[in-house]
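# Descriptive analysis of the structure
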Amino acid sequence: MQIDEDKLNALLGRMVEEFGALASAPLTILGDRLGLYKAMAGAGPMTAERFGEKTHLRLRYAIEWLNAEAASGFVEYDPGAETYTLSPEAALVLADDASPAFMGGGFEVLMSLFLDLDKVQKAFRDGTGLAWHEHHSTLFSGTERFFRASYNANLEPSWIPALDGMRERLHDGARVADVGCGFGASTIVLAQAYPESTFVGYDYHEPSIVAARERAKAAGVDDRVSFEVAGAKTYPGREFDLVAFFDCLHDMGDPVGAARHVRETLSPDGLWMIVEPFANDRLEDNLNPVGRIYYSASTMVCTPCSLSQEIGLGLGAQAGEQRLRAVAREGGFSRFRRAAQTPFNLVFEARP
Ligand SMILES: C[S@@+](CC[C@H](N)C(=O)[O-])C[C@H]1O[C@@H](n2cnc3c(N)ncnc32)[C@H](O)[C@@H]1O
């Protein structure tokens, strides 16, 4: 077999990047957990000694972490002054949980992929599923923190206004169900934006519901927001003005069954909002950096989750508009349109 040396060298060069990203990821998690980025945010250039004092780190660890971060390009190093700086941009991405650009939660999610490798390997061998609740808890907290940034950035400013008449209804006071709500990040962001409306979040995963209740209380919205353990095909309540599914329809074993239940629980002029990972309809159009992240997460989390449930349709996180439209149609929705999109998400509106 003929080996193309240029192709081989290009791939090996690429692997250096891959190894670097993976090897430095635990350091990013350390920086997040130990407040190392926060200690640098807005503090300007710092010597390693100053950084060590501020973070209560032994100097040798402080130097090594800072040097690794400088090699990653997350921290800027000034060789003349021997100082390290976290730029305002890097602070938004790594130090500020409330920023729309915050990525720290994503690293927690990545950690869970490694921690759950043996379980996914077993599922691959057996052809069985792996339910959401069987994952390491960093998946749950990481998902909340990662997605919250996007909900802060997009929900109130652009996604809700893109839905036909929904902004006005929410302003006036609407009844909203957030299904597959996880820790309730989307529910709480919506409740803060629309004080006249009432919200109920449903998820089959009890620890998530417990966490969501705590978050609602801490945010001071628990008088209008409740959370209940319930599946997407069986949740109680009727006559909702809005039923929202944030990044969870494709995780379900029976999305068509869920769609049917949504239709039954909506008011006649109600609206189903479906937020899904960004994807094109054809595989070849998803072979890009965003598609790479989603296909990987889908292989490790979303597809096994769907296969663990009744029907086990296994839509995957890169289902694309055509397949999602078919799910809504089979579930009894006659109108379906793409209302908004970002590089990471598609937002659909379905009506009976
Ligand atoms: C990727 S997480 C998204 C969580 C949340 N919507 C968010 O945006 O942060 C998927 C969620 O769907 C929930 N889920 C999966 N299958 C479900 C089902 N059949 N019924 C209700 N919830 C389900 C999981 O427990 C998990 O919380």
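Residues numbered from 1 in each chain as written. Predicted model: local features only at pLDDT ≥ 70, side-chain atom pairs only at ≥ 80, totals over all residues. Heavy atoms only, no water.

## Some thoughts on the overall build of the protein chain
In terms of regular secondary structure, the protein chain is built from 14 helices and 9 strands. Taking 352 residues into account, the globule formula puts the C-alpha radius of gyration at 20 Å, and the protein chain, at 22 Å, falls close to it. In terms of principal-axis extent, the alpha carbons of the protein chain reach across some 70 × 60 × 30 Å. Look at the contacts in the protein chain between residues 6 or more apart in sequence, and 69% of them connect residues 24 or more apart. As displayed, the protein chain has an accessible area near 17200 Å², and 56% of this comes from carbon and sulfur atoms. (Helix = DSSP H or I, 4+ residues; strand = E, 2+ residues; numbered from the N terminus. Rg over C-alpha atoms; globule rule 2.2 N^0.38 Å. Contact = heavy atoms within 4.5 Å. Areas by Shrake-Rupley, 256 points an atom, 1.4 Å probe, with all protein chains shown as cover.)

## Looking at the nonpolar core
Side chains of nonpolar character tend, in soluble globular proteins, to be buried together. Judged by nonpolar contacts, the single largest core of 34 residues is most densely connected at L155, W159, F246 and M273. The set of elements that each furnish at least two residues to this core consists of α8 (137–159), α9 (166–172), α10 (185–193), α11 (206–219), β5 (225–229), β6 (240–246), β7 (266–277) and β8 (335–341). At 6 residues, α10 tops the list of elements feeding residues into this core. Sequence-distant contacts of W159, defined by excluding residues within four places in its chain, comprise S150, Y151, N154, F246, M273, V275, A340, T342, N345 and V347. (Core = buried A, V, L, I, M, F, W, Y, C linked by side-chain atoms within 4.5 Å. Buried < 20%, exposed > 50% of the residue type's maximum accessible area, 1.4 Å probe, protein only.)

## Concerning the pairing of β5
Across 5 bridges, strand β4 (residues 198–203) lies against β5 in parallel orientation. Bridge assignment links D203 to a residue of β5, and that residue is V229. Chirality of the crossover, the property in question, places the unit of β4, α11 and β5 among those that are right-handed. (Pairing = 2+ DSSP bridges. Right-handed = clockwise from strand over helix to strand, strands pointing away.)

## What about the side chain of H205?
The topology assignment puts H205 in the loop between β4 and α11. Only 2.6 Å separates the side chain of H205 from the side chain of S208, close enough to count as a polar contact. Excluding its chain neighbours within four sequence positions, the residues that come into contact with H205 are W132, H133 and F140. (Polar contact = N/O pair within 3.5 Å; in protein donor to acceptor, adjacent residues only side chain to side chain.)

## A word on the packing of aromatic side chains
Across all of its chains, the model carries 14 aromatic pairs by this definition. Seen from their ring centres, Y151 and W159 are 6.3 Å apart, and the 70 degrees between their planes marks the pair as edge-to-face. Just as Y151 is buried, W159 falls in that class too. Through a chain of ring-to-ring contacts, three or more aromatic side chains come together here, namely F146, F147, Y151, W159 and F246. (Phe/Tyr/Trp six-rings, centres within 6.5 Å; stacked < 30°, edge-to-face > 60°.)

## A few points about the site of the ligand
Y151, G180, D203, F246 and Q309 are the nearest of the 18 residues found near the ligand. At 2.5 Å, a side-chain N or O of Y151 approaches an oxygen atom of the ligand. Q309 is positioned such that a nitrogen or oxygen atom in its side chain is 2.9 Å from a nitrogen atom of the ligand. Within the complex, the protein chains bury 95% of what would otherwise be the 590 Å² of accessible surface of the ligand. Residues that form the shell around the ligand fall into these classes: 10 nonpolar, 5 polar and 3 charged. (Near = heavy atom within 4 Å. Nonpolar A, V, L, I, M, F, W, Y, C, P; charged D, E, K, R; others polar.)

## Overview of the domain arrangement of the protein chain
As far as domains go, the protein chain holds domain 1 (5–94) and domain 2 (104–351). Using only C-alpha atoms to locate each centre, domain 1 and domain 2 end up separated by 33 Å. Of the residues lining the interface, 9 residues belong to domain 1; the matching set on domain 2 comes to 6 residues. Summed over both partners, the interface of domain 1 with domain 2 buries about 670 Å², with 57% contributed by carbon and sulfur atoms. At the junction of domain 1 and domain 2, the tally comes to 2 salt bridges. The partner of E18 in a salt bridge is R292, and the shortest N-O contact between them spans 2.6 Å. (Domains from an automatic or database assignment. Buried area = accessible area lost by both parts, 1.4 Å probe. Salt bridge = Lys/Arg side-chain N within 4 Å of Asp/Glu carboxyl O.)

## Some details on the sheet that holds β4
Sheet architecture is open: 7 strands sit in the order β5-β4-β3-β6-β7-β9-β8, paired in mixed fashion. For this open sheet the edge positions go to β5 and β8, each flanked by a neighbour on one side alone. Between one strand and the next, the sheet's axes are offset by a mean angle of 20 degrees, whatever the strand orientation. In this sheet, β4 lies alongside strand β3 (residues 175–179) in parallel orientation, the contact comprising 5 bridges. (Axes fitted to C-alpha atoms, helices over the stretch in contact; angles between N-to-C directions.)

## Thoughts on the environment of E239
Within the fold, E239 resides in the loop between β5 and β6. Residues E239 and R263 lie 24 residues apart in sequence; the distance between their C-alpha atoms is 9.7 Å. When neighbours within four sequence positions are excluded, E239 is seen to be in contact with R175, T265, L266, S267 and P268.

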